[in-house]
Amino acid sequence: MEKTKEYQDLLEELRKDLGSSKDGDMVGRVADEVEKRLAKSNPRFSPVTGMVDHTAIPTLGEFAKAVYCKEHNKQMEPEVEKALGESQGSTGGFLLYDEFRPDLQKLIIEDQVVRPNARIIPMAMETVLVPRIVDTSHVSSIHGGVKGTWVAEASTLSSVATGDPAVGQIRLICKKFSDYVLVSNELLMDSPISVTALLQTLLREGLGFFEDVAMLNGTGNGQPLGVLKCPALISATRSKTGHVIYDDIVNMQSRLFPSSWKRGVWVCSPDVFPDLATMSLAVGTGGSAIWVNGYGDPAKNAPPQTLFGRPLIISEKMSALGTTGDIGLFDFTYYLIGDRMELALTSSDQVAFATDQTAFRIIERLDGQPWISSALTPNNASANTLSAFVVLS
């Protein structure tokens, strides 16, 4: 918009005709009159602003349309305005696209329980024999027969039976553990996420998880023998049906090898946690919290990570609350893992050539089992035997 020159020129002439008059009212009346005349002669002129409104001037397209309608005796249709938005495809939504982030979300799998604490034995062959001492009772000897005998001075030692150690062996026979996945070549080519790298992560985590399951619960038939199935396992009697109380923890600790107290690891199911957190010791008519005592406000502070000074591991691989194996105390140095072949991921596009798929295969070969075969009767001949593996029955 701009000041019309005609308006400016006319005002200037009127002011000259009026001379040097300073009558402001007269000048105002004259200006109003000029504006009225201009407004009549030019509809686009605004008397208020003294400006020409160019928005009222037709565009070249509007002018051409008006000429066409006039020549063909047609009526110009009013322009239609349409509100655009992204809520519907027809109003503009089709112009948008969904953002994709190549960042796959997945559960964080718990760490392995057994392997980090067990004894690892490299296997150069399919079978490895490991010698061991068979030791089941310390009442009169240790190491299966070794004992000392008090003798008099100058006595003939050969006439005194001292006993010999009992020797046995553990046989580790590697078992194959694998997983197999077929992936279309279109997915391998088009996916913004590297499928090969993703499968390597997922399959390694999967085999590691279920390897741990076998080393805890395995039957030993075509798979490792788990600590919960080994003949040396001690099952302490539960004091309260369906629950874990402080007396149970004390009893389990008392059944562990004394030499294992500095190496034992507590492992329990997640649903045992409420019993641990509310565990208390009765004192007369009162009592106090046991596990969380000394940690300030239990509702604010992280719960303890130990029981009787030894690490506590929460694992979903343990049995449900109230069943045998819902909580255990283990010295995994008595568990042997023989590694013949580490996890290896390979792929082939020939196996499923007819269906245009690539096969991914992951394999490891190993074995595992406790090397003790029975619980130990202590020297005091107590009926409460000892072991490296103790659970609550």
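Look above for the structure.
Procedures and definitions
Residues numbered from 1 in each chain as written. Predicted model: local features only at pLDDT ≥ 70, side-chain atom pairs only at ≥ 80, totals over all residues. Heavy atoms only, no water. Helix = DSSP H or I, 4+ residues; strand = E, 2+ residues; numbered from the N terminus. Buried < 20%, exposed > 50% of the residue type's maximum accessible area, 1.4 Å probe, protein only. Contact = heavy atoms within 4.5 Å. Pairing = 2+ DSSP bridges. Axes fitted to C-alpha atoms, helices over the stretch in contact; angles between N-to-C directions. Phe/Tyr/Trp six-rings, centres within 6.5 Å; stacked < 30°, edge-to-face > 60°. 1 Å grid on protein atoms, 1.4 Å probe; cavity = no way out; pocket = protein on both sides within 12 Å on 5 of 7 lines; lining within 4 Å. Points joined across faces, edges and corners; volume = space filled by probe spheres on them. Nonpolar A, V, L, I, M, F, W, Y, C, P; charged D, E, K, R; others polar. Arc of directions from axis to C-beta. Expected span 1.5 Å × (residues − 1). Core = buried A, V, L, I, M, F, W, Y, C linked by side-chain atoms within 4.5 Å. Patch = residues over 30% accessible without salt bridge, like charges linked within 9 Å, V, L, I, M, F, W, Y side chains within 5 Å. Areas by Shrake-Rupley, 256 points an atom, 1.4 Å probe, with all protein chains shown as cover. Salt bridge = Lys/Arg side-chain N within 4 Å of Asp/Glu carboxyl O.

Another aspect to go through is the overall build of the protein chain. When helices and strands are counted, the protein chain shows seven helices and 16 strands. Residues classed as buried in the protein chain amount to 30% of the 393 residues present. Long-range pairs, those at least 24 residues apart, make up 71% of the contacts in the protein chain between residues at least 6 apart in sequence.

Let us look at the pairing of strand 12 (residues 310-314). With three bridges connecting them, strand 8 (residues 265-268) and strand 12 associate as parallel partners. Directly across from Cys268, in strand 12, lies its bridge partner Ile314. The pairing of strand 11 (residues 306-307) with strand 12 spans two bridges and is antiparallel. Bridge pairing links Thr306 to Pro311 in strand 12. Adjacent in sequence and paired antiparallel, strand 11 and strand 12 are bridged by two residues, among which Phe308 carries a positive phi angle near 50°.

Attention shifts here to the sheet that holds strand 6 (residues 175-184). As summarised here, the arrangement of the four strands in space is 3-14-15-6, forming an open sheet in which the pairing is mixed. Of all strands in the sheet, those with a lone pairing partner are strand 3 (119-122) and strand 6, marking the two edges. Taken pair by pair, the neighbouring strands of this sheet meet at an average axis angle of 30°, ignoring direction.

Now for the packing of aromatic side chains. As enumerated under the stated definition, the model contains six aromatic pairs in all. On the basis of an interplanar angle of 50° and a centroid distance of 5.4 Å, the ring pair of Phe330 and Phe332 is categorised as tilted. Overall, Phe330 belongs to the buried group, its relative accessible area being 0%. Joined through ring pairs, the aromatic side chains of Phe257, Tyr334 and Trp371 make up one cluster.

Of the pockets and cavities examined, the largest pocket occupies roughly 300 Å³. Considering the residues around the largest pocket, the lining is formed by 16 residues, among which Asp135, His138, Phe257, Tyr334 and Trp371 are closest to the centre. The residue makeup of the lining of the largest pocket, split by class, is eight nonpolar, six polar and two charged.

A few words now on helix 6 (residues 246-254). At 3.6 residues per turn, the α-helix brings residues three or four places apart onto the same side. Among the residues making up helix 6, those that are buried are Tyr246, Asp248, Ile249, Met252 and Gln253. Within helix 6, the buried residues cover an arc of 160° as seen down the axis, which keeps them to one side.

It is worth spelling out the sheet that holds strand 7 (residues 234-236) at this point. Strand order in the open sheet formed by six strands is 7-16-13-8-12-11, with mixed pairing between adjacent strands. Only two strands of the sheet have a single partner each, and these edge strands are strand 7 and strand 11. Pairing between strand 8 and strand 13 (residues 327-330): four bridges, direction antiparallel. Counted as the bridge partner of Val267 is Gly328 from strand 13.

The next point concerns helix 5 (residues 195-217). The terminal C-alpha atoms of helix 5, which comprises 23 residues, lie 32 Å apart, in line with the 33 Å expected from a rise of 1.5 Å per residue. Every buried residue of helix 5 is accounted for by Val195, Leu199, Leu203, Leu207, Gly208, Phe209, Glu211, Asp212, Ala214, Met215 and Leu216.

We now examine the nonpolar core. In this structure, Val227, Phe330, Phe332 and Phe389 are the most contacted members of the largest nonpolar core, which totals 27 residues. Elements that contribute at least two residues to this core include exactly helix 5, strand 8, strand 14 (335-352) and strand 16 (389-392). By size, the runner-up hydrophobic cluster in this structure holds 20 residues, among which are Ala236, Trp266, Trp291 and Val292.

Our focus in this paragraph is unusual backbone geometry. A positive phi angle is found at His143, which is not glycine, with a value near 55°. Secondary-structure assignment places His143 in the loop between strand 4 (127-133) and strand 5 (167-173). Even without a glycine there, the phi angle at Ala381 is positive, about 65°. The topology assignment puts Ala381 in the loop between strand 15 (357-370) and strand 16. Looking at Ala381, the relative accessible area reads 47%, which means it is partly exposed.

A few words on a nonpolar patch on the surface. Taken together, the side chains of Tyr180, Leu182 and Val351 present a nonpolar region at the surface, about 300 Å² in accessible area. Secondary-structure assignment places Tyr180 in strand 6. You can call Tyr180 partly exposed: its relative accessible area is 46%.

Scanning all chains against the criterion turns up eight salt bridges. Across the pair Glu110 and Lys317 runs a salt bridge, and its minimum N-O distance is 2.9 Å. Taken together, the positions of Glu110 in the loop between helix 3 (60-71) and strand 3 and Lys317 in the loop between strand 12 and strand 13 put the pair 207 residues apart, joining distant regions of the chain. By relative accessible area, which is 8% here, Lys317 ends up buried. A salt bridge links Arg115 to Glu211; its shortest N-O distance comes to 2.8 Å. Separated by 96 residues along the polypeptide, Arg115 in the loop between helix 3 and strand 3 and Glu211 in helix 5 bring together distant segments of the chain. Overlapping salt bridges, with partners in common, bring together Glu110, Asp212 and Lys317 in one network.

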